[in-house]
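Here is what each chain is made of, one letter per residue.
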Amino acid sequence: MRPTRLLYVENDPALRNILGQMLDKSADLELLGSFGRSDEVLDRELATKADVALIDFALDQNGLNGIELGIALRNLNEYIAIVIYSQFSVRPMVNRVPKPMRSGWSFFDKSATMEAQDYVKILKETSSGKGNWEEILSDEDNLQEDESSIYFSLTPRQRTIMTLSAQGKSPKEIASQLSLTYSYVRKELSRSYAVLVPNSDESSDLKTAAVLRYMELMRMA
């Protein structure tokens, strides 16, 4: 049986060097590459070769975070398993992954006590389809699941536009700030309203209801 092919993404060069060498020595893994930035690993040919990606959540502030990178890799290779690790609590991160995509995702907290075999076990189990995302969700998380998924069902562009709208900016001002057309902003606002307040009646103030709903969801995301 061939080794599990791994992509490793970590923006801390010291940790990337140490852990990368540890993982590369495992006979169960084949390290295809270790990377410090999200843009370095978003290559279709590379992504399609990999079985699993180990990704730090907190990557370059000017690029994608670990969750966003994992989703982008899944769009390049629907079979790649994603393992997210972080110095922050990973439990809330599960809700950031769309439900239909969660198979083959695992999350764990960074720990100085973990050894190479601990990483290898998680990587191999996740690549075989045994992600742990369901195990780390608490009952409270499950109750909030549907609410949080509404926020993440908006596209990143729609969330940006809604954030500016919540700041009191008009569609024309938003279009100018984001270098978009006025008609495009209006369409994205309409689509966002339909997601945020799908059952509103015609007499209600749709914009106000959508903005209030969006601000509420932002606090939960």
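Before reading further, recall that the structure is shown in the block above.
Residues numbered from 1 in each chain as written. Predicted model: local features only at pLDDT ≥ 70, side-chain atom pairs only at ≥ 80, totals over all residues. Heavy atoms only, no water.

(A) Quick look at the overall build of the protein. A tally of regular secondary structure across the protein gives 11 helices and five strands. Considered along the principal axes of its C-alpha atoms, the protein spans approximately 65 × 40 × 30 Å. In the protein, once contacts between residues fewer than 6 apart in sequence are set aside, the share between residues at least 24 apart is 67%. For the protein, the computed accessible surface area is about 12,200 Å², with 48% contributed by carbon and sulfur atoms. Averaging the positions of the 26 positive and the 32 negative side-chain charges in the protein gives two centres separated by 5 Å. (Helix = DSSP H or I, 4+ residues; strand = E, 2+ residues; numbered from the N terminus. Contact = heavy atoms within 4.5 Å. Areas by Shrake-Rupley, 256 points an atom, 1.4 Å probe, with all protein chains shown as cover. Lys, Arg positive; Asp, Glu negative; His and termini not counted. Charge placed at Lys NZ, Arg CZ, Asp CG, Glu CD.)

(B) Structural context of the nonpolar core. Counting residues in hydrophobic clusters, the biggest one holds 28 residues, and the most contacted among them are I55, I67, I84, W105 and F107. Ranked by residue count, the leading element in this core is helix α4 (residues 66–76), at four residues. If you look at the next biggest cluster of nonpolar residues, it comprises 16 residues, including Y151, L196, V197 and V211. (Core = buried A, V, L, I, M, F, W, Y, C linked by side-chain atoms within 4.5 Å. Buried < 20%, exposed > 50% of the residue type's maximum accessible area, 1.4 Å probe, protein only.)

(C) Structural view of helix α5 (residues 116–127). When the terminal C-alpha atoms of α5 are compared, their 17 Å separation across 12 residues agrees well with the 16 Å that a helix rising 1.5 Å per residue should span. Within α5, burial applies to Y119, V120, L123 and T126. What you see down the axis of α5 is that its buried residues fit within an arc of 140°, all on one side. Along α5, the residues that are exposed and aim more than 90 degrees away from the buried face are Q117 and K121. Structurally, α5 contributes buried residues whose contacts are with β1 (4–9), α1 (13–24), β2 (29–35), β3 (52–56), β4 (81–86) and β5 (105–109). Of the residues trailing α5, G129 is marked for its positive phi of about 100°. (Expected span 1.5 Å × (residues − 1). Arc of directions from axis to C-beta.)

(D) Seen up close, the pairing of β3. Burial analysis of β3 places five of its five residues in the buried class, which makes it a mostly covered element. With burial as the criterion, each face of β3 is covered, one bearing V52, L54 and D56 and the other bearing A53 and I55. As paired elements, β1 and β3 share four bridges and run parallel to each other. From the neighbouring strand, Y8 faces β3, where its bridge partner is L54. Alignment of β3 against β4, held across five bridges, turns out to be parallel. Counted as the bridge partner of I55 is I84 from β4. (Pairing = 2+ DSSP bridges.)

(E) Focus on the packing of aromatic side chains. Under the defined criterion, the tally for this structure stands at four aromatic pairs. Measuring from ring centre to ring centre gives 6.5 Å for Y85 and Y119, while their planes differ by 85°; the resulting arrangement is edge-to-face. Residue Y85 is found in strand β4, and its partner Y119 is found in helix α5; the two are separated by 34 residues along the sequence. Summarising the burial analysis for this pair, Y85 and Y119 share the class buried. Clustering of aromatic rings is evident, with ring pairs tying together Y85, F108 and Y119. (Phe/Tyr/Trp six-rings, centres within 6.5 Å; stacked < 30°, edge-to-face > 60°.)

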